[in-house]
Amino acid sequence: MSDVSLSATGRCRCGRVEFEVHARPMVTMACHCTGCQRMSSSAFSLSALFPGEAFSVTRGEPVIGGLHGATRHFFCDYCMSWLFTRPEGEADFVNVRCTMFDNAADYRPFIETFTKEKLDWVSTGATHGFEEFPPEEQFPVLLQQYAEAAGG
């Protein structure tokens, strides 16, 4: 696994919304749920989890899209790129869509979730897979394993 830098920048497809992070990800993920498939128009969505205080929008004003519930998905209002998500009940964290980073190739998925909805032909190379989300009690171990594998 490559050593992800402490700082990274990213942007939507059209460049009207830009963001930056100043931390290494806590974990990287591929989600195979049908909701992510539909929102990303792909076989899965890729994301990296960061502490909320390490993330900031530096240009533009993202808007809430997708389902307008407790989990808030943020998009560029012009090109509609899915940029990041603030998960329900996790105000201190943000899931950034890895492909929006300028260095997207550095964010290989460590875990994959919702493999029960995974398309048969998909392979991510993730180290761990879960039929749904990892059990809550297993998450601290996964975060530690990711940090060790990422060199952090």
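What comes next concerns the included structure. (Residues numbered from 1 in each chain as written. Predicted model: local features only at pLDDT ≥ 70, side-chain atom pairs only at ≥ 80, totals over all residues. Heavy atoms only, no water.)

## Section: the pairing of strand 2 (residues 18–21)
Next, step 1: Side chains of strand 2 alternate between two faces, with Phe19 and Val21 buried and Glu18 and Glu20 left unburied.
Next, step 2: Across 4 bridges, the pairing between strand 1 (residues 8–11) and strand 2 is antiparallel. Paired with Gly10 across the two strands is Phe19, which belongs to strand 2.
Next, step 3: As consecutive antiparallel partners, strand 1 and strand 2 are separated by 6 residues, and within that stretch Gly15 has a phi angle of approximately 90°, a positive value.
Next, step 4: Bridge analysis of strand 2 against strand 5 (residues 55–59) gives 4 bridges, and the strand direction is antiparallel. By the bridge assignment for strand 5, Phe19 is matched with Val57. (Buried < 20%, exposed > 50% of the residue type's maximum accessible area, 1.4 Å probe, protein only. Helix = DSSP H or I, 4+ residues; strand = E, 2+ residues; numbered from the N terminus. Pairing = 2+ DSSP bridges.)

## Points about the layout of surface pockets
Next, step 1: The computed volume of the largest pocket comes to approximately 920 Å³.
Next, step 2: Sorting the residues of the lining of the largest pocket by element identifies strand 3 (27–31), helix 1 (34–40), strand 4 (45–51), strand 8 (82–86), strand 9 (93–97), strand 10 (111–113) and helix 2 (139–149) as the ones contributing at least two each.
Next, step 3: Residue classes in the lining of the largest pocket are distributed as 18 nonpolar, 9 polar and 4 charged.
Next, step 4: A volume near 240 Å³ is recorded for the second largest pocket.
Next, step 5: Contributing to the lining of the second largest pocket are 15 residues, with Met39, Ser40, Trp82, Thr99 and Met100 lying nearest its centre.
Next, step 6: Secondary-structure elements contributing two or more residues to the lining of the second largest pocket are helix 1 and strand 4.
Next, step 7: Among the residues making up the lining of the second largest pocket, the classes are represented as 8 nonpolar, 6 polar and 1 charged. (1 Å grid on protein atoms, 1.4 Å probe; cavity = no way out; pocket = protein on both sides within 12 Å on 5 of 7 lines; lining within 4 Å. Points joined across faces, edges and corners; volume = space filled by probe spheres on them. Nonpolar A, V, L, I, M, F, W, Y, C, P; charged D, E, K, R; others polar.)

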